[in-house]
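Chain by chain, the residues:
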Amino acid sequence: MDENLEITKRRNTFYIGLVLLFVVFLGRLAQLQLLYQDVYGKKSEENSIRQIVRDPLRGNIYDRNGKLIVDNRPSYTVTITPAEFHTQTIPYLSDILSLDPELILERFKKGKLYNRFTPIKIKRDIDFRTLSILEENRGKLAGVDYLIETKRFYPTDARAPHLFGYTNEVSDLQLSEMPDEYRLGDVIGATGLEARYERVLRGRKGFDFITVNARGQMLGPFNEGRSDIQSREGNDLFLALDADLQAFAESLLNGKQGAIVAIDPQDGGVLALASKPDFDLSLFGSVTPHDLWSALNNDPSKPLFNRATMTRYPPGSTFKMVLATSALQEGVINTSWSINCKGAFQFGNKVFKDLHVHGPTNIVEAIQRSCNVFFYQLMLKNGFERWTRYGKELGFGSPTGIDLFEENSGLLPSGEFFDRIYGEGKWTEGYLISLAIGQGEVGVSPLQMACHVATFSNNGIYYTPRVVQKILEKETGASHSLPIQARKLNISPHTLSIIRDGMYRCVNVLGGTGSAAKIQGVTVAGKTGTAQNPHGKDHSWFIGFAPFERPQIAICVLIENAGFGGAIAAPIAGLCMEKYLFRSLLQYKEAAPIANKENTSLKNIQ
Amino acid sequence: MMDNWIKENFDITTLLVVLSLILMGFTAVYSATYDAGASTFFHRQLFFAGIGVIIMVLTVIIPFRTLQLFSYPLYGISLIILVMVLFTGKVIAGSKSWFGIQGLGLQPSEIVKVTTILALASYLSNPRINLSKLKYLLTSFIFVLIPVSLILLQPDVGTALIYLGTLLLVLYWAGISKFALLTLLAPAASAVAALFGITAFAIVIAATLIILFLLRENRLLSAIVFSITVVVGVSVQFIFSRFEPYQQKRILTFLNPDADPLGAGYNVIQSKIAIGSGGFFGKGYLQGSQTQLNFIPAQWTDFIFCVPGEEFGFVGALIILLFFVILLYRGIKIASIVKNRYASLVAIGIVSSYAVHITINIGMSMGIMPVIGVPLPFLSYGGSNLITNITMAGLLLNMYVNRKEY
């Protein structure tokens, strides 16, 4: 009997538990279905309206002559819709797309779990032949479809991958920073102009709202399309760039490591900005294939690195004009001050060499013939502080402010800097002697050198270099010119004319080191540089401008580990200036290399 | 006359409720898969139900004494199968718990549910067993812990929880003392509370302390129970960190589903939308946009409850709830009226297994339980599960037929 009582007690506990369970579930059911039916009903309705995002076309890019250099072309992306797709067709499909069947199966399974009616992308950017095979076999390939997306297309020979830049899928970090502007899978500018002018180029997304029925079939536009939001094309960029010169400069650098920067000395417009080795942007698409990117990233020649703006190399003798300017402007010397160069200079127990015995040399001759001994002695006379001050005035040690994110400030040593790295009082004047000829700690980029030489050519105005001249607003058709930023240097016309004289003689007078930069019919002025560096042969530099009387182009050429500036960099600079000024080559007609887009080490990595 | 005989020997209510639930399952599975794969799923479910009903007839006919005789051997065989699946099974949804036989999946952990209940009932029905002795309590735990640990190796936390829940209910029925029950429940409660935060944890610890004080048990034992409760709660975070990421995510998402609306919280949110939008009468059969547009991934298995919830509304969901309540009520009743202790324990084991499944599954669909992959008896698609549940129903009917036997 006791046992029975016990059982009854426990049975009742179970009954109570059962009633409690029923009451809780009933209450929750009533809460969801009766109290909040309108809330959930609305959410479910929203679910049955499909939102289709219409990506806008990115803005085009034109060169200074209105030539289209970056635009968009359709690119076909193959998709499969899991609800309609049959796995038996995978071998056939993988054959057509030359895609791993495992990958197709994996994507299919993933998509099926998520939403069987949403097409999943399985391959981007298929070629036209593949597309037509797909079209012909539509009947056999249920659920296989393609989407038209766009990818960047580069119609001219100008590759300029570092300048134009590429786009990529928006990162998680960017998404968290700009949650209102981007969604997962969106494309965003990653480098170069694509990144710097992302907001200008990207345009505005559009949305189509489609009603779907219970089976997921599209019935037609929701609200007769009145709720749709039109997409808006991105705005166009008009560059200062000369696409022909850019392509030509790139072809001159083929097979070399180095950079060429040409700017318009009258407004700072970037005429050419080439860096080699480089890469072929047309292989990138809107989303960079991962293996291509990592191949480029791991390449020891660093093709992704923009040598025109990011390097920090010793400029060698091209830097001598900084000291010359400082000494002349501060009245340390005048043109009658001269030294007798015996081919070497002894300071303490150290001997600093020169390439030649130059004999009696004044400042103009020192620039013309690149006399090291003259500048060794001048540095000691001039002093460190002045040198640093004028280096800064001429744009070194800080970014130029070009409209690209990728830029290095370089390094302009000062007394404080030496105190910091060597310790106060632990460095001597001997440390300065190398700086006089652009060796030692000083580091510059070709862009900085081009801006520097432009200020001599235009009589002392430092223009902030700019790639983009104006922006064309697609919606209104209005174009906005971007402001020219200029800084008048604290250097007298007299000082500048002495420097220019030296540069003139460097190219045009017997004994000058830059004669290889000469062009017929136009006077060129310039300065060579041969910079020693710990990584192999000397870097070859040339900076210059033309025409001498009314300069239209200022240029800097850097060829890494190539040897003498006068022998390697100077003729390349001459060719570029000739090409720009005459739009053709007069003197080097036969020997000139032809701009060639196919010349790339990386082809069709997919 | 005949009528009376049937009434006397068959629990007609339970039989009709089970058959109705199976039919509702058919309609729900058909709707949930009403597109490309509908006929395949539907026909398979019909096929499984057919097999289940055949097995049910056998389980009703078989004398329960014979069944008791075979309880341990069946348990042993099913464990061997469970070990085999670890080595040869197929991986489905991250869990290696399936045998592939001619394209049909067989999930041994479902079948082991029945054999474990039988073996446990057989053990506990021995009059020698005194649950106030630790030895016997531990042995009864081991019956469950062996399959549970094998299942956790697969790994399938949902099924493991079902076993433990069932065990606790069966032990209660078998006459475990309040102190022992507290010993089992307090650490579990503290583990769950620890996941919710320090306040919940503190409340559980305080409650344990008060109850221990009121029970006035041996002080040393009380102290041990209390320490275990604290240690379990503290180490839960550590164990939690060793979980599979998807399990971690499910637990955390349960605590705050809205934090991850596109990831792990997605299922619950869509499930609540489906049920909520059904309203009073529902959207009509095959008209539920949530169901038909597949907003709920793999809805035909774990989230099947949304289908009637959305398409038949409050009325449909309530009918299903009532059927389950009647089934459980009849099960408890049978367990309490059968004269044989083994039969009683089998019956309560089956009721408990149903109850835990139903509570977790429907609770999960309505967003008041964590998302644990547990099927809804008779409604969810899945052969092994359906056959197992029908078999269990057959056992309930068997116990009813033989209710007067000692």
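A quick note: this is a predicted structure, and the numbers were derived from the prediction, not measured.

1. Let's talk about the overall build of chain A
Item 1. Per the secondary structure count, chain A includes 21 helices and 23 strands.
Item 2. Counting only residues that meet the buried cut, chain A has 42% of its 606 residues in that class.
Item 3. In chain A, the proportion of contacts linking residues at least 24 apart, taken out of those at least 6 apart, comes to 73%.

2. Points about the overall build of chain B
Item 1. From N to C terminus, chain B includes 18 helices and 3 strands.
Item 2. Per-residue burial for chain B yields a buried fraction of 51% across its 406 residues.
Item 3. Long-range contacts, defined as pairs at least 24 residues apart, comprise 69% of the intrachain contacts of chain B with a sequence gap of at least 6.

3. So, the environment of L286(B)
Item 1. Counting through the fold element by element, L286(B) comes out in the loop between α13 (266-278) and α14 (289-292).
Item 2. Taking the C-alpha atoms as reference points, L286(B) and A28(B), separated by 258 residues in sequence, lie 9.3 Å from one another.

4. Some thoughts on the sheet that holds strand β11 (residues 258-263) of chain A
Remark on secondary structure: sheet strands pair via backbone hydrogen bonds, oriented parallel or antiparallel.
Residues and elements named next belong to chain A.
Item 1. The strand order across the open sheet formed by 5 strands is β12-β11-β23-β22-β21, and the pairing between neighbours is antiparallel. This sheet does not close on itself; its edge strands, each paired only once, are β12 (270-276) and β21 (525-531). Ignoring strand direction, the axes of neighbouring strands in this sheet form an average angle of 5 degrees.
Item 2. One ladder, built from 6 bridges, connects β11 with strand β23 (residues 553-559); its direction is antiparallel. Each residue of the ladder has a partner; that of A262, found in β23, is I555.
Item 3. Most of the contacts of helix α19 (residues 446-457) go to β23, to which it runs at about 145 degrees, and overall it touches β11, β22 (539-546) and β23.

5. Notes on the interface of chain B and chain A
Item 1. Between chain B and chain A, the residue contacts involve 37 residues of the former and 35 residues of the latter.
Item 2. Of all the elements in the fold, those that place two or more residues in the side of chain B that touches chain A are α8 (157-174), α13, α14, α16 (313-337) and α17 (341-365) of chain B.

6. Overview of the nonpolar core
Item 1. Ranked by internal contacts, the top residues of the largest apolar core, which has 123 residues, are V261(A), A262(A), A450(A), I555(A) and C576(A).
Item 2. Considering each element in turn, this core owes the most residues, 9 residues, to helix α21 (residues 565-582) of chain A.
Item 3. Apart from residues lying up to four places away in sequence, V261(A) is in contact with A272(A), L273(A), A308(A), P446(A), L447(A), A450(A) and C556(A).
Item 4. In this structure, Y75(B), A355(B), M392(B) and A393(B) belong to the second largest nonpolar core, which totals 106 residues.

7. Looking at the environment of P308(B)
Item 1. Relative to the helices and strands, P308(B) resides in helix α15 (residues 306-311).
Item 2. If sequence neighbours within four positions are ignored, P308(B) has contacts with M24(B), A28(B), G316(B), A317(B) and I320(B).

8. A look at the environment of H162(A)
Residues and elements named next belong to chain A.
Item 1. Along the chain, H162 turns up in helix α6 (residues 161-164).
Item 2. Taking the C-alpha atoms as reference, H162 lies 8.9 Å from E406; in sequence the two are 244 residues apart.
Item 3. Here H162 is in contact with G192, S275, D278, N306 and A308, once residues within four sequence places are set aside.

9. Let's talk about the pairing of β23(A)
All names here are of chain A.
Item 1. Most of β23 sits inside the fold, with 7 of its 7 residues counted as buried.
Item 2. Burial of the side chains of β23 extends over both faces: I553, I555, V557 and I559 are buried on one face and A554, C556 and L558 on the other.
Item 3. Sheet topology places β22 next to β23; 7 bridges connect them, and they run antiparallel. Across the sheet, residue A546 finds its bridge partner in β23, namely I553.

10. Digging into the packing of helix α2 (residues 12-32) of chain B against helix α18 (residues 383-401) of chain B
All names here are of chain B.
Item 1. Contact geometry of α2 with α18 gives a least axis separation of 10 Å together with a crossing angle of 170 degrees. Looking at the two axes, α2 sits roughly antiparallel to α18. Residues T14, L15 and V18 of α2 pack against A393, L396 and L397 of α18.
Item 2. Residues belonging to the contact of α2 with α18 are distributed by class as follows: 5 nonpolar, 1 polar and no charged.

11. Brief notes about the confidence of the model for chain B
All names here are of chain B.
Item 1. When pLDDT is averaged along chain B, the result is 84, and 88% of the positions lie at 70 or above.
Item 2. Between the elements of chain B, mean pLDDT differs from a low of 56, seen in strand β2 (residues 95-101), to a high of 96, seen in α16.
Item 3. As scored by the predictor, the complex reaches a pTM of 0.58 and an ipTM of 0.89.

12. Here we look at the pairing of strand β10 (residues 236-239) of chain A
All names here are of chain A.
Item 1. In β10, alternate side chains face the same way, and those of D236 and F238 on one face and L237 and L239 on the other are all buried.
Item 2. Two strands pair when backbone bridges link them, and strand β2 (residues 61-62) and β10 are joined in this way by 2 bridges, in the parallel orientation. Pairing of I61 across the sheet is with L237, part of β10.
Item 3. Note that β10 and strand β18 (residues 468-472) share 4 bridges and pair antiparallel. Bridge pairing links L237 to I471 in β18.

13. Some thoughts on helix α17 (residues 415-422) of chain A
Item 1. Little of α17(A) sits out of view: just 0 of its 8 residues are buried.
Item 2. One or two steps after α17(A), the chain reaches G423(A), where phi turns positive at roughly 100 degrees.

14. As for the packing of helix α6 (residues 108-124) of chain B against α18(B)
All names here are of chain B.
Item 1. At a minimum axis distance of 8 Å, the contact between α6 and α18 shows a crossing angle of 15 degrees. In terms of orientation, α6 and α18 fall into the roughly parallel class. Classified by chirality, the crossing of α18 by α6 is right-handed. For the pair formed by α6 and α18, the contact residues are E110, I111, K113 and V114 on the first element and S384, N385, T388, T391 and M392 on the second.
Item 2. Split into classes, the residues belonging to the contact of α6 with α18 amount to 3 nonpolar, 4 polar and 2 charged.

Cut-offs and rules
Residues numbered from 1 in each chain as written. Chains lettered and ligands numbered in written order. Predicted model: local features only at pLDDT ≥ 70, side-chain atom pairs only at ≥ 80, totals over all residues. Helix = DSSP H or I, 4+ residues; strand = E, 2+ residues; numbered from the N terminus. Buried ≥ 20, exposed ≤ 12 C-beta atoms within 10 Å, placed from the backbone. Contact = placed C-beta atoms within 7 Å. Pairing = 2+ DSSP bridges. Axes fitted to C-alpha atoms, helices over the stretch in contact; angles between N-to-C directions. Core = buried A, V, L, I, M, F, W, Y, C linked by C-beta atoms within 7 Å. Parallel < 35°, antiparallel > 145°, perpendicular 65-115°, else oblique. Nonpolar A, V, L, I, M, F, W, Y, C, P; charged D, E, K, R; others polar. pLDDT = per-residue confidence, 0-100. Left-handed = near helix turned anticlockwise from the far one by under 90°.

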